[in-house]
Every structure is written in C-alpha cells, then in structure tokens.
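Listed here are the chains, written in short residue letters.
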There are 4 protein chains.
Amino acid sequence: MKNSAILLISCPDQKGEVAAIADFVYRHGGNILHADEHADEESGLFLMRVEFDPKDFDIGLSLFNTAQAVHPSSVQIGHSEFARHFEPLAAKFQMKWHLALSAHRPRMIIFVSKYDHCLVDLLYRHKSGELDCDIALIISNHPDNQAIADFHRIPYEVVSVTKENKTQAEARIQSLIDLHRPDFMVLARYMQILSNDFVNRYPQRIINIHHSFLPAFIGARPYHQAFERGVKLIGATSHYVTEVLDDGPIIEQDVVRVSHRDTVDDLIRKGRDLEKVVLSRAVRWHVENRVLVYGNKTVVF
Amino acid sequence: MKNSAILLISCPDQKGEVAAIADFVYRHGGNILHADEHADEESGLFLMRVEFDPKDFDIGLSLFNTAQAVHPSSVQIGHSEFARHFEPLAAKFQMKWHLALSAHRPRMIIFVSKYDHCLVDLLYRHKSGELDCDIALIISNHPDNQAIADFHRIPYEVVSVTKENKTQAEARIQSLIDLHRPDFMVLARYMQILSNDFVNRYPQRIINIHHSFLPAFIGARPYHQAFERGVKLIGATSHYVTEVLDDGPIIEQDVVRVSHRDTVDDLIRKGRDLEKVVLSRAVRWHVENRVLVYGNKTVVF
Amino acid sequence: MKNSAILLISCPDQKGEVAAIADFVYRHGGNILHADEHADEESGLFLMRVEFDPKDFDIGLSLFNTAQAVHPSSVQIGHSEFARHFEPLAAKFQMKWHLALSAHRPRMIIFVSKYDHCLVDLLYRHKSGELDCDIALIISNHPDNQAIADFHRIPYEVVSVTKENKTQAEARIQSLIDLHRPDFMVLARYMQILSNDFVNRYPQRIINIHHSFLPAFIGARPYHQAFERGVKLIGATSHYVTEVLDDGPIIEQDVVRVSHRDTVDDLIRKGRDLEKVVLSRAVRWHVENRVLVYGNKTVVF
Amino acid sequence: MKNSAILLISCPDQKGEVAAIADFVYRHGGNILHADEHADEESGLFLMRVEFDPKDFDIGLSLFNTAQAVHPSSVQIGHSEFARHFEPLAAKFQMKWHLALSAHRPRMIIFVSKYDHCLVDLLYRHKSGELDCDIALIISNHPDNQAIADFHRIPYEVVSVTKENKTQAEARIQSLIDLHRPDFMVLARYMQILSNDFVNRYPQRIINIHHSFLPAFIGARPYHQAFERGVKLIGATSHYVTEVLDDGPIIEQDVVRVSHRDTVDDLIRKGRDLEKVVLSRAVRWHVENRVLVYGNKTVVF
C-alpha cells in the first residue's frame, strides 16, 4: 500500500492559506499528491485536505499513534515533531488541523443487531482490501451473527439490551470500547438507541446508516413510511451520529427507483443494496480521511 | 398518429376480471396492443389499463367528446354506445372505468409565474410532438412570459394575484376555465396557492411540480432547505394537487447528485433540469392515460 | 413462500390471444396475480407472462419436475395433464410455452475463477432468501474459493484448465453437470472460454457477467480499455451466453460515474459493486421466470 | 456576475508546483477561490486550475482579449503584463498555461441541421444566464431553424451542403468564422462531416454531441443500433472533435434506462433529453474553463 500523509485543515477563510500550506509541505521535502480545498461562503470557513508523499519529508512523522491521534482533534499530537514545526503556521491562520498517515490503519468497532447485510458487506470489503482499517470488534445485542464473525476471525461480543438493563448494557459497551480503543465506530443496522452522553463522547466518530433518503422518513420503519407515501424512489443515508435522531451531518446518500409493483418486501430488498453501498462508501471515505465536518454538513474530498 | 382506445379500470380484486375484459374487447373485434394490470394487496383493489386497436371494433366510439369525457369519471359518457355494452360487465365486477381515444387530444391549461423553464420546456415538447394534447391557454400572475407564449401562438392571460384580490382572481381563473374547458391543468412553477374549493373541483386533474424530493422539504424554498441540511442529492416531484400542501399522489420523482461545491444557485440550476423532465414525464403519462390513482398513490402503466 | 404458477408464452401476434389465455386460466379455477405482455412490432411476436394462484386450479400440476421442465423448452412436459388441456389452445395460436411453479426451486451451478465478489454476493443473497433456487455446486478452475463454499455448505469442485487439457477439463465439467442436473448455470467471473459445443447445449441457460457496458469494450480487460478511452461512466452487463463472445441477449446493465481521479484500480473497485448487483438481478429474474428471449434480445417482465 | 481569473496549467509532475503557483498568486495580491489539481500517473503530467479573485491583484489583466486569448494556447497573450511576470515560473516548470477572465464572455458559433432540440436548449440556457458566453452566430445546412434564431435575435446563416459543393460550403463556413471570430464552436446535432483540415485548425475548440454511449455505437443511427442490440440503457456523449470520427476526448456522458417497451422512437425521444443535458454541461464547463485535455482524455475540474 502507498504510504502517504494526509493533512486536514479547517480555518477562517483568508488570503494566502493555500500558498502557506503548500509552501510548508514543499520546504520540508514533501511532494503533494492531491490537494483539495473548499471555501464555504456562508460560514466563512476554509477547508483543505492535502495528501503528500512523506518519503523525503524532513520532519519525523513516526511518533503518531492512531489510538491517540483521533480525528478531528489534534490535541493529542501536540508534542510531536510535526506539531512543533506546523503550529506557528496553524496559529497564524487559526487552523484546526489533523495529520494522518495512510500507513496507520484506524481501528473500527462494528455494531449490529439481527439484519446482517451491512455487516457481511463490510467484512467482505475489509477482507478484499477495500477498507484500510482494522476491525477490532463486533458488538451485537443478538448472538445471530457469531458465525460470520468467526469466519472472518473477528471477536464478537453479545451485549443484550432490554428495557431494564439499558444503563448496564451501555456501561458494558463502554468498557469494551475502553479495552479495544477504536478510532471510530459503525452502526451497521444497530437497532438500539445510544444515550446522548455516549454519543457526545465520540463526535464525528460514529457512522450510522439510515434506511431512507433523509430528511424524509426519519425514525422507525422508513420503508413502510415510503410505501405508504407512494414515493417513486427510495434512499439510504449514511451520517455521523449526533444527539438528535437521524439529524447528524450527512456523508453519503443514494436512491433506487421503485414502482407500484414493489411491495414493502421489495423495498426492503432493494434498500439492502443501497444501504450496503452507501454505508461502505462513508466508511471508506472516513478511513481515507476524506470527510470534513463544518456546521451540520460534510465536505467529502 | 396511431389511433387506439384505452380502457382504464379500477375495481375490487376478484377472479376472472382479466378474462372478462380481454374477452369483451376480443368479442367486439378489438385487438389488444398493450395490457397492464396491478393488484394492490393492501386495498384489495385491481387496476387495469388495456390499449386496443379499434379499427375493427364493432361498437361505435365516435360519440366521445373530450370536453365531456373527463378522466377519471365515466358519468359523462353513460349514454354512449360503448357504455351500453360495457355496463353489464362493469356492474358485475363493480368497476369504475374510463374509456379514452388516443385520437382525442386532451386540452391543457398551463399555470406559470415568473420562472419560465418548465413552461418553455412544455411548449417545446408540445411543438415537437412529444405531448399529444392541445394547449388551450396559459394563465400567469405576471406578464413576463407573454413573448414565449406569442412565439408558440398560445393565448396568454395575466391574472394578477394580491393579498387583497385572491377571491376575485380565482373567480377570474374559474371563468377562464369555464370558457376554455380544459381536460386537465398543469402548475408549471405557479407560485400561488389555489383554494381548497378550487382544488377539490378538479381531483386528479391538476398536476404540480414541487422542487424537492417529497416528502422531504415540503413548502417554501426547498432548495434552500436542502442546502441547509447538507443533502448529497436533490430531487423534484410531480404530483396531483390535493387540499394538503405537497401531499397529493406522486406521479414521478427524480434526483441529481450535489456536493459541497454546489451553492444554492447551483442547486437551483441543477434543479431546473430535474423539474423539467419530471414534470414533462408526468404530463405525458397523464395525456397518454397511463396514470391511475388509488388511495394517495399512483400506478403508472 | 407464495406458491404460484407462471406460464410463459411466445407466439405470432394475433387477435384474441390475451382473451384466450386469460379465459383458460379462469375456466380452470386459476386466479391471475400478474399478467404482462409485449407485442414486438419488428418480429411480429407476442410474448406473455401470466402468474396465477393455482390453489383452486382444477388441472393437476404436481407432475412437473424442475430437473425435466427445463426452460425454455416445453417438450419435456408434453405428457403432463396441464399440457393435455393447454395444447389445443397452444396449437391454435402456434404458441411456444413453458409452465413453471414457484414452489419448484430451480437448481443452479456457479462457475468462478479467482475473483470472488460475485460468488460471495450470490451465496449471501441465496442464504438470505433473495434467490428462490438451490445451489447444486460451485465449479472453479482454482481452489481459492473453497473456504467460502464450505461456510455456505455448498459442494465445490476444482477443475483445473490449462492450454493442454481444455478438452478433458470440459468433459469433466460435463460429467459434473450430468451428475448435478442444474436448470441453469451462472458464470460469476469465470475466466475460461467454454466451447461452442458446450454453449449450444444450454441455450438461454448460461448467464454471464461482463464487466463493461456492452457492446463497448468487448473482450479482455474492459476496465483498462475504459480507462484508456477516458469514459465518464463504466458499466456491467449480464447476458445469456451464445457462441459469439459477449454478444448474447442482454438481461441487465447498469453504470456508475467515474472521473479523472479514478485509477484503473478504482474502476475495478467501483465495477465490483456494479457486477454484483447486475448479475444478481439477472439471476433473480431468471429464477422467477421473468426473462423471455426473442431474437437476440430479452423481455424482462 | 462574479469577476474571477482562471489559470489553467499543464506541465510535467514535479515537486513544488502547487506551492510555486499558490505563492505567485498570493504574492501578487490574488485570493484563491478554488484550486483543483490532478497528477496523471501514466503520462507523468500535472494539471491544475486555479480560480482567484483579482480585485487586489497587482498585475494588470486588462489587456486580455477573448478574441485573441484562445484556449488552449497562450501564445497570443505573450506580450501581456501577466505573461511577463508569470513566464519565469512557467519556464522553470515547463508549463503550458492559459489565463482567462470570467468577465470575458467567450464567443460561440452553433452548428445545427434539422433536429432542433439541442439548439433550442442552448438558446434557452443562454437566455436564462446559465452560459456565460455570447452566441455570435448559428450556422445551419437547412433554413428550418430560422424562427427560433430570430426569436432569440441571433444571426442565422444557411450554408447548404451537397455532395457537389462540399469544398465551397466549407469555404463559406470558414469565411463566416473568420468574420465572427468565435472562441469555440458547438455541433448541436450538425449532420455534416467537417474536413480534417477544418477540424485540425480548431483543436479542443469544437464540441460535438454524439447520441450514444461512446465507444458503443459509433457512426450513423446509433439509436437504431442500440435498439437492434437490445441494450437496457442508452447514452449520449459530448466530446471534442478530432480527425477520427466519434473518437475525440470525452467531456461528458450520461445514460437513461430503456426497456423492451421502448420503440426506436421512444429511444430517440428519451435520447433527446440526454443529449440536451450532456451537451449543455460540456458547453458550460468549457465556457467556465473547467476542461483540460491530456492525451485523448479530459479532466473536468
């Protein structure tokens, strides 16, 4: 796999940023492979993603540690050599920034309930090399998907959730997270609601797949809602989880055509294919450090 | 143009309907060109569209008059010869039915405000033979689109609408309708709300284009709403108008991809292309008697 | 699963066919669930698919045997009771016809080489109930996919193919087919060419997936060809195999957008998702007896 | 309209280019609005588009003249002040470059035969402000589209083409071009073949719309070819014209689904909508200086 360094930047829009950043990389021996930027007129924000070849880079990048260098914060890497060199520039432009190395494979935990199509799809893509991350663990409130986890040799933990044990169950989940230290988590059709406290602990680090074209059909049974409304297309939406149900920053959406001939079961079947591709794109882009959040929106570079 | 007869049927689902209808057409010398049917499990309804070549049909069809034979009611043609022959069968199966002749070009009135893209598109498609209907009149609350109407030699009436004159304006519109006797009406980005009384007078005869993927972004400024929400696709929806805003039976929808690079103006521009194709498909299907309404949904055969 | 009978018919277009067929089903107590027909103007052919509920059907359908009642021929079921009743009608209209029962699960053999994405996808869909067929066997020229076959408990036979042993290899494949008696076969990225003799033995019974939007990029390495040409969309095509390479009747196609940012590897990755959905749709439609071939084209009802 | 300067660059890929270019713009007071770049691994080429706000730019840009500053060559602007400042940098990196000002509206000549849908579409988009260019002239080999040209007050010249007068006709076209000095030309369903000499005179300055998904169905009557082959999607392709028929660099493509129900006429009708959007996108991107050609491919920034 190609080794590259990815610098993600967000700051107030002002003159000279691109030049300053490109010059910094160049002066230290980096070769820019891709550069993408976006100036958001409404918020006055400037967002940038620079991917460079660090082969001849004269600043040591070895101290980075994925378990610490958690997107989107750069606090944890404040003592590194790169930060020491980059901070003056960052301060001048009031940058929030994050550096990632493609050689560092982020660690993912997958949550799943009974529906297994997204889980199976992610496991297959991971196995075939589409997703440059490690799967630390699968957490489920049901034992049903143990076999496929075993086939892929991924640890599988059942955490049953009932009305009565919600708090204990989440505490158990938290202890699994503390143990496995994921960089991010994916709700691959996980049918339990996580508490606000939990969600707020991992901003932009929990990716969900909702089986509708949000903001249409928020909440439960969206395919049934779509069937009732008589829409001619159904959709799926992958987004970062926030406190408000199905309201977080959208990473990816797609749709497929339906007709009067399709029953609710047909919608569910067609929707499975949508959910798989939409979620897997979002996960891949997150893994490749392509997603930047501003306000309640995302840029996908 | 091909001359054909189109029989639209809606009745409780029961055995023998297809055979009875096909046999009726055959016995009277009709040659079935297309037959489509749909049994809706939820409502227990059976819907059918039979298009047949009436060349050797032994029942006279000449008495039909589009200005009277208004879809979806068959009351007006109750005295015709066809009805006399078909009624026994219709009664047996409790059919609601409608017969249309493709040779009869339905009459359309187009409503438009300032945005002219849907109007221009419909006029061009009409001129180039895509829409087998006659355009009786264009009604607008602004004089802006007079020139394009003149170019196509379609009468253009300006009915200004203000807060104060709403009732009089609608009365004026009603008198224009009474004069021009349209079979159906199209709101091609007409930005005025029509009264419930008016709307209820023309069930399944007023087609609207809404510039969002309904039921997302109901109401005003949907592109701005879409921009705010950060969706990755925008849509357009064509539907029959009912009392409830943007809630009528959906005839057609489509979407196009957008990204963080697209401003609201880009959404509006991309949306125009969507609105044009979505509305024109709905109008063409309506003209070709392909749309059947059941509950709040449509079948498009 | 719903039990239904599916009657597929192909005959010269003439008056009274729909009535005669619908009447036949009705007279014998069948309730038509879906009826689709198509009259092809060029060839003068009439094609029909009638799906009916055989619960009260007064002709015994139990004698059918999928291993014999091979689509698209009806010769094998000539002695059945249904045939005895239907043949007079069939003779009158010069029908070629085939009757299938949804309760009969057709038997499929999957061929695969090293690329496993289509195989894994078909196995998963089969397991999750999307494909109402039985997988009799997987044949591969490589041992690589044994593990996934084992996981799904499907027999897996390796038949190595070299320049020297082509004839013996095909003989070995033939003996496996004779043993397992499939109703149809699927080439799920099988990279060996089958002989004309072999292919001609199974008309409309071998489904292939080609990784381009045919007829563009016939032959080897279509993604490389597409990359060279600089196309803005790539495609995949599922078709019945005939003597002429990549030229058989097309069952399904789809495309996905690419850009200058996509390398050949990206095209291959994006293409995998296309290939999976396109092939699986074709297989499902074939299993559900929805595909009728006329000339070198298909109707998908 | 927003005033911006667009710098297009193509050069061998090497370290420091982005930094050097961004620094140049910054040092002279420009504010980068958008920057896009692409490094093509195969050819080793680096391509870049930088759009900047020239409000405080300290190099005069007023000398540019669209009639001279013809994309993709920069020869004509060699004497300008910008060139004087930029040339040392350009020489160092062996850049081919072009500077455009969005305030300069390029001049377009449209060629059309009888089919008017693309012409009407371009004229409407131009009128509604979607295309920031001027339409100098419409050239047609038929008088049929005079009326729509008159409606839009665009000069319309008929140059009849017969087997016998091909050379004279092209000479007449050339004289019209010499008179009207377009920056680029659009073949909006122009059914005559232009000579190689003519085509070679205007590299990357003639945009054609071909009514198929190239490279499928090259040459005449592609919709008939598509119908014969039984494809499930039809396409349209916009490309720069080169000597080899339908082989130039592709700017944009799109497709739409068709089925056995669609006749050739339906394909033609559906295709019209495709052709309009595909051609208009290509023209808009060309006008906005978003298209860069490398080898036989395009980058669309």
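Above this note sits the structure.
Keep in mind that this is a model prediction, so the values were computed, not measured. (Residues numbered from 1 in each chain as written. Chains lettered and ligands numbered in written order. Predicted model: local features only at pLDDT ≥ 70, side-chain atom pairs only at ≥ 80, totals over all residues. Heavy atoms only, no water.)

**Some points on the nonpolar core**
Membership of the largest hydrophobic core comes to 94 residues, with the highest contact counts inside it found for C:Val283 and D:Val283. Among the nonpolar cores identified, the runner-up in size contains 93 residues, and A:Cys118, A:Phe227, A:Val277 and B:Ile250 belong to it. (Core = buried A, V, L, I, M, F, W, Y, C linked by side-chain atoms within 4.5 Å. Buried < 20%, exposed > 50% of the residue type's maximum accessible area, 1.4 Å probe, protein only.)

**What to know about the relation of the copies chain C and chain D**
By a simple turn and slide, chain C fits onto chain D: the slide is 0.0 Å along the axis, the RMSD is 0.0 Å, and the turn is 180 degrees. A rotation of that kind, with that shift, is consistent with a two-fold axis. By C-alpha distance to the rotation axis, the residue of chain C lying nearest is C:Ala216, at 2.3 Å. Looking at chain C, 100% of its interface residues are interface residues in chain D too, so the copies touch through the same face. (Least-squares fit on C-alpha atoms with pLDDT ≥ 70 in both. Contact = heavy atoms within 4.5 Å.)

**Here's the deal with the side chain of A:His180**
Residues and elements named next belong to chain A. In this fold, His 180 is placed in helix H5 (residues 166–180). Look at His 180 and you get buried, because its relative accessible area is 16%. If we skip the residues at most four places from it in the chain, His 180 touches Arg 107, Ile 109, Ala 136 and Leu 137. (Helix = DSSP H or I, 4+ residues; strand = E, 2+ residues; numbered from the N terminus.)

**Digging into the packing of helix H3 (residues 117–127) of chain D against helix H8 (residues 264–287) of chain D**
Residue and element names in this part refer to chain D. Where H3 meets H8, the closest approach of the two axes is 9 Å, and the angle between their N-to-C directions is 45 degrees. Taken together, the axes of H3 and H8 lie oblique to each other. As for how H3 packs across H8, the hand of that crossing is right-handed. Facing H3, whose interface residues are His 117, Cys 118, Asp 121, Leu 122 and Arg 125, H8 presents Arg 272, Glu 275, Lys 276, Val 277, Leu 279, Ser 280 and Val 283. By residue class, the composition of the contact of H3 with H8 is 5 nonpolar, 2 polar and 5 charged. (Axes fitted to C-alpha atoms, helices over the stretch in contact; angles between N-to-C directions. Parallel < 35°, antiparallel > 145°, perpendicular 65-115°, else oblique. Left-handed = near helix turned anticlockwise from the far one by under 90°. Nonpolar A, V, L, I, M, F, W, Y, C, P; charged D, E, K, R; others polar.)

**Remarks on the environment of C:Gly60**
All names here are of chain C. Relative to the assigned elements, Gly 60 resides in the loop between strand S3 (45–53) and helix H2 (81–92). Owing to a relative accessible area of 31%, Gly 60 belongs among the partly exposed residues under this scheme. C-alpha of Gly 60 to C-alpha of Ser 80: the two residues are 20 residues apart in sequence and 8.5 Å apart in space. When sequence neighbours within four positions are dropped, the list of residues in contact with Gly 60 reads Glu 81 and Phe 82.

**Some points on the sheet that holds strand S11 (residues 250–257) of chain C**
Residue and element names in this part refer to chain C. Strand order in the open sheet formed by 7 strands is S7-S6-S5-S8-S9-S10-S11, with mixed pairing between adjacent strands. On the outer flanks of this sheet lie strand S7 (156–158) and S11, each paired with one strand and no other. This sheet shows a mean twist of 15 degrees between the axes of neighbouring strands, independent of strand direction. For strand S8 (residues 184–187) and strand S9 (residues 206–210), the ladder comprises 3 bridges, and the chain directions are parallel. Within S9, the residue paired with Met 185 across the bridge is Ile 206. (Pairing = 2+ DSSP bridges.)

**Comments concerning helix H5 (residues 166–180) of chain D**
Each turn of an α-helix holds 3.6 residues, which means side chains three or four residues apart point in the same direction. All names here are of chain D. If you check H5, its first and last C-alpha atoms are 21 Å apart, about what 15 residues at 1.5 Å a residue would give, namely 21 Å. The complete set of buried residues in H5 reads Ala 169, Glu 170, Ile 173, Gln 174, Leu 176, Ile 177 and His 180. In an axial view of H5, the angular spread of the buried residues amounts to 160 degrees, which keeps them on one side of the axis. In this structure, H5 carries Thr 167, Gln 168 and Leu 179 as exposed residues pointing more than 90 degrees from its buried face. For H5, the secondary structure elements touched by its buried residues are strand S5 (107–112), strand S6 (134–140), strand S7 (156–158), strand S8 (184–187) and helix H6 (196–201). Positive phi appears at Arg 181, one or two residues downstream of H5, with a value of about 45 degrees. (Expected span 1.5 Å × (residues − 1). Arc of directions from axis to C-beta.)

**Notes on the interface of chain B and chain A**
Many analyses report the size of an interface as the accessible area lost when the parts associate. Taken together, the 34 residues of chain B in the interface contact 34 residues of chain A. Here chain B meets chain A over a buried area of about 2,900 Å², counting both sides, of which 55% is carbon and sulfur. For the chain B face of the interface with chain A, the top three residues by lost area are B:Arg229, B:Lys232 and B:His260, together amounting to 26%. Between chain B and chain A we count 6 salt bridges in total. Across the pair B:Asp247 and A:Arg229 runs a salt bridge whose closest N-O atoms are separated by 3.8 Å. Summed over the shared surface of chain B and chain A, the number is 18 residue pairs in polar contact (both at pLDDT 80 or more). Contributions of two or more residues to the side of chain B that touches chain A are made by helix H7 (222–229), strand S11 (250–257) and strand S13 (297–300) of chain B. Sorting elements by how many residues they give to the side of chain B that touches chain A places S11(B) first, with 7 residues. Grouping the amino acids of the side of chain B that touches chain A by side-chain chemistry returns 15 nonpolar, 7 polar and 12 charged. (Buried area = accessible area lost by both parts, 1.4 Å probe. Salt bridge = Lys/Arg side-chain N within 4 Å of Asp/Glu carboxyl O. Polar contact = N/O pair within 3.5 Å; in protein donor to acceptor, adjacent residues only side chain to side chain.)

**Side note on the relation of the copies chain B and chain A**
Two chain copies, one operation linking them: a rotation about an axis together with a shift along it. Once chain B has been moved 0.0 Å along the axis and rotated by 180 degrees, it coincides with chain A to within an RMSD of 0.0 Å. By residue overlap, the copies meet face to face through one surface: 100% of the interface positions of chain B are interface positions in chain A.

**A closer look at the interface of chain C and chain D**
Counting from both sides, the interface comprises 34 residues of chain C and, opposite them, 34 residues of chain D. In total, chain C and chain D occlude about 2,900 Å² of area from one another, counting both sides; carbon and sulfur atoms represent 55% of this. Joining chain C to chain D, the criterion identifies 18 residue pairs in polar contact (both at pLDDT 80 or more). Counting only elements with at least two residues in the side of chain C that touches chain D, the list comes to helix H7 (222–229), S11 and strand S13 (297–300) of chain C. Here the side of chain C that touches chain D takes 7 residues from S11(C), the largest share from any one element. Here the residues of the side of chain C that touches chain D are counted per class, giving 15 nonpolar, 7 polar and 12 charged.

**Here's the deal with the pairing of strand S3 (residues 45–53) of chain D**
All names here are of chain D. Summarising burial for S3: 7 of the 9 residues are buried, a large majority. As defined by bridge partners, strand S1 (residues 5–12) adjoins S3 across 8 bridges and the pair is classed as antiparallel. By the bridge assignment for S3, Cys 11 is matched with Phe 46. Relative to S3, strand S2 (residues 31–40) is paired through 9 bridges, and the arrangement is antiparallel. Opposite Asp 36, over in S3, you have Arg 49 as the bridge partner. Adjacent in sequence and paired antiparallel, S2 and S3 are bridged by 4 residues, among which Gly 44 carries a positive phi angle near 70 degrees.

Geometric values such as these leave the question of function open.
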